[in-house]
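Secondary and tertiary structure notes
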Amino acid sequence: MAEVAGEPHVLIFPFPAQGHVPTMLKLAELFLLAGLRITFINTERIHRRLLLNSPTLPPLARLPRFRFRTIPDGLPEDDRRASVPLQELEESIRTRSREPYRDLLAPAGRDPDEWPSVTCVVADGSLPLSWEVAEEVGIPVIFFRTSSACAFWAYYRIPDLIKGGEIPFPEEADWDEKVRGVPGMESFLRRRDLPSFCRNAKTTSDRGLQSVDNATASTRRARALILNTFESLEGPVLSHIRSAIPITYALGPLHLLVKTFENGGSFVTINSVRLSQEDRSCMTWLDSQPPRSVVYVSFGSVAVMSREELMEFWHGLVDSGERFLWVLRSDLVEGKTGEAVPAEAEGTRERGCIVGWAPQEEVLSHPAVGCFLTHSGWNSTLESVSAGVPMICWPCFADQQINSRFVSDVWRIGADMKDKCERSIVEKMVRDVMVRERAERLRTSAMEMAELARRSVAKGGSSYRDYWSLVEHIRAISSNGQQK
Ligand code: UDP
């Protein structure tokens, strides 16, 4: 293929995990639509999993302006763990995959496909290597964060919280006390809503705190940022972020924005890219359930819980009397892989459907689903928001703590069960969100928010406009080699 001088060529490098790769592939699909050339980097391990589980991937890989490139993740080949701790994975990539990445970004010889040089890197903010090497070789970087704007902003302020003496928390701290150092959130953000590593840190040299502090220091240099959110959901927080990073694009919900273009006349649809094998039997089961009668339960792709916690959820759901569809990943229970359904569950099958991995976006759009019991990971939250389904949030770590606070106290589209895991609370929350008087209010707010999400991605909506501004930005930096 002949090289075109100054042609935009974007390299996209996501953190190798479910919450990141599919989201950044959606961005890649949108860029392709605008005529940009894309190199998409995966680690070898995650790429194998994607190919195994995503039938829509090969058509994408055959498009003339798109290519996948893979690099090793640095872990031993025989490492068969179903999930590697994220920090360990990040460290391994940072320390052992630098050279292969550099070779892809700025090859010493001619490009094997005779593609033009990379003119812009869209780097995952959770993967320092992705931007560090780009900066070393002088290629402009645009940061992408797969978290909510509210979580990004709280992370961004962590160095200030440390300086202001708000973290580490004092001994015997009251976790319900408000945090003062995150502008715009002073009236509702409590200590317990900060990411979990803030709770665990005893000193300012705590490893978790330091690693976020370092990542934030780099993000603070960002000249441009992309977030998967939308103005009507997080406008006030986006204004705060723009006071620090003026060029911030809010393109979300990306899975809906992709659909806007599909409606307008087809492309490859990669909304269904996934790292696990879907069990579609739950869709048939849902078809036979009454409208809004099912609690959909899923804790995302990496969260784990103890067996005791699992059983508290189980009993709470059964005691609530509601039907449920539960994604029981084989590695959901701490320290156990491949565990089947708990013995106690066998008697409740008529009211429950259990799968190992569900087609979540489709499930949430099904009329039988009445609420979503979730860990409040950002993709899950945004998918629920887009479908107008109220949530019960049981955040496990990191950004989920703050997402769930926004769900309950800012957007008022669900309940936050943070730090509680008792069957009586599960039962009460399910009843509150499914049947009691409060349920109607939550559902109305959730439906209104879903309508705003739809408008933001429609022609002329805020996310639609930001998408085209971003494409223009990339064209501009590609033709003059630097940030606008
Ligand atoms: N997901 C899915 N099927 C499942 C469980 C999860 O397709 O059974 C998808 C879900 O739609 C979401 C992603 O996995 O897009 C989970 O991302 P999230 O940010 O919510 O949480 P994480 O897994 O990163 O903690």
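Now for a look at the structure at hand. (Residues numbered from 1 in each chain as written. Predicted model: local features only at pLDDT ≥ 70, side-chain atom pairs only at ≥ 80, totals over all residues. Heavy atoms only, no water.)

Some details on the side chain of S320
Here S320 lies in helix α14 (residues 307-320). Of note is the side chain of S320, whose polar atom sits 3.2 Å from the backbone nitrogen of E322. Beyond its immediate stretch of four places on either side in the chain, S320 contacts E427, V430 and R431. (Helix = DSSP H or I, 4+ residues; strand = E, 2+ residues; numbered from the N terminus. Polar contact = N/O pair within 3.5 Å; in protein donor to acceptor, adjacent residues only side chain to side chain. Contact = heavy atoms within 4.5 Å.)

Looking at the site of the ligand
Lining the immediate surroundings of the ligand are 17 residues, of which S301, A358, H375, S380 and E383 lie closest. Note that a nitrogen atom of the ligand is positioned 3.4 Å from one of the side-chain N or O atoms of W357. Within the backbone of A358, a nitrogen or oxygen atom sits 2.6 Å from a nitrogen atom of the ligand. Protein coverage of the free-state accessible area of the ligand, which is 540 Å², stands at 89%. Contributions of two or more residues to the shell around the ligand are made by β8 (294-298) and α16 (378-387). Ranked by residues supplied to the shell around the ligand, first place goes to α16 with 4 residues. Taken together, the residues of the shell around the ligand sort by class into 6 nonpolar, 10 polar and 1 charged. (Near = heavy atom within 4 Å. Areas by Shrake-Rupley, 256 points an atom, 1.4 Å probe, with all protein chains shown as cover. Nonpolar A, V, L, I, M, F, W, Y, C, P; charged D, E, K, R; others polar.)

A closer look at the sheet that holds strand β5 (residues 141-145)
Judged by pairing direction, the sheet is parallel, and its 7 strands sit side by side in the order β3-β2-β1-β4-β5-β6-β7 without closing on themselves. Each having just a single partner strand, β3 (66-71) and β7 (247-250) make up the two edges of the open sheet. The average angle at which neighbouring strand axes cross in this sheet is 20°, direction not considered. Bridge analysis of strand β6 (residues 224-227) against β7 gives 4 bridges, and the strand direction is parallel. Each bridged residue has a counterpart across the sheet, and for L227 the counterpart in β7 is A250. In the packing of helix α1 (residues 21-33) onto the sheet, contacts are made with β1 (9-13), β2 (37-43), β3, β4 (120-124), β5 and β6, and the angle to β2 comes to roughly 165°. (Pairing = 2+ DSSP bridges. Axes fitted to C-alpha atoms, helices over the stretch in contact; angles between N-to-C directions.)

Focus: the state of the cysteines
All told, the structure shown has 0 disulfides when counted by the stated rule. Among the cysteines around C371, which has no disulfide bond, C393 carries the closest sulfur, lying 10 Å off. (Disulfide = S-S within 2.5 Å.)

A few points about the pairing of strand β10 (residues 352-355)
Every other side chain in a regular strand lies on the same face of the sheet, so the side chains alternate between the two faces. Burial of the side chains of β10 extends over both faces: G352 and I354 are buried on one face and C353 and V355 on the other. Across 4 bridges, strand β9 (residues 323-327) lies against β10 in parallel orientation. Pairing of L325 across the sheet is with C353, part of β10. (Buried < 20%, exposed > 50% of the residue type's maximum accessible area, 1.4 Å probe, protein only.)

Focus on a nonpolar patch on the surface
Together, L86, V302 and F397 make up an exposed nonpolar region whose accessible area comes to about 200 Å². Its place among the elements puts L86 in helix α4 (residues 86-96). A relative accessible area of 35% means that L86 is categorised as partly exposed. (Patch = residues over 30% accessible without salt bridge, like charges linked within 9 Å, V, L, I, M, F, W, Y side chains within 5 Å. Salt bridge = Lys/Arg side-chain N within 4 Å of Asp/Glu carboxyl O.)

Structural notes on the packing of helix α5 (residues 98-105) against helix α6 (residues 128-136)
Running from N to C, α5 and α6 point in directions that differ by 55°, and their axes come no closer than 10 Å. Classified by the angle their axes make, α5 and α6 are oblique. Crossing geometry of α5 relative to α6 is assigned as right-handed. On α6, the residues that touch R98, Y101, R102 and L105 of α5 are L129, S130, E132, V133, A134 and E136. Along the lines of polarity and charge, the residues of the contact of α5 with α6 split into 5 nonpolar, 1 polar and 4 charged. (Parallel < 35°, antiparallel > 145°, perpendicular 65-115°, else oblique. Left-handed = near helix turned anticlockwise from the far one by under 90°.)

Re the side chain of H366
Locating H366 in the fold gives a position in the loop between α15 (360-365) and β11 (369-374). Only 2.7 Å separates the side chain of H366 from the side chain of D287, close enough to count as a polar contact. Beyond its immediate sequence surroundings of up to four residues, H366 is in contact with M283, L286 and D287.

Quick word on helix α7 (residues 149-156)
In terms of residue burial, α7 counts as a mostly covered element, since 8 of its 8 residues are buried. Listing the buried residues of α7 in full gives A149, C150, A151, F152, W153, A154, Y155 and Y156.

Concerning α16
Counting buried residues along α16, 9 of its 10 residues qualify, which places the element largely inside the surrounding structure. Along α16, the residues classified as buried are W378, N379, S380, T381, L382, E383, S384, V385 and S386. Just downstream of α16, G388 is the residue with a positive phi angle, here 70°.

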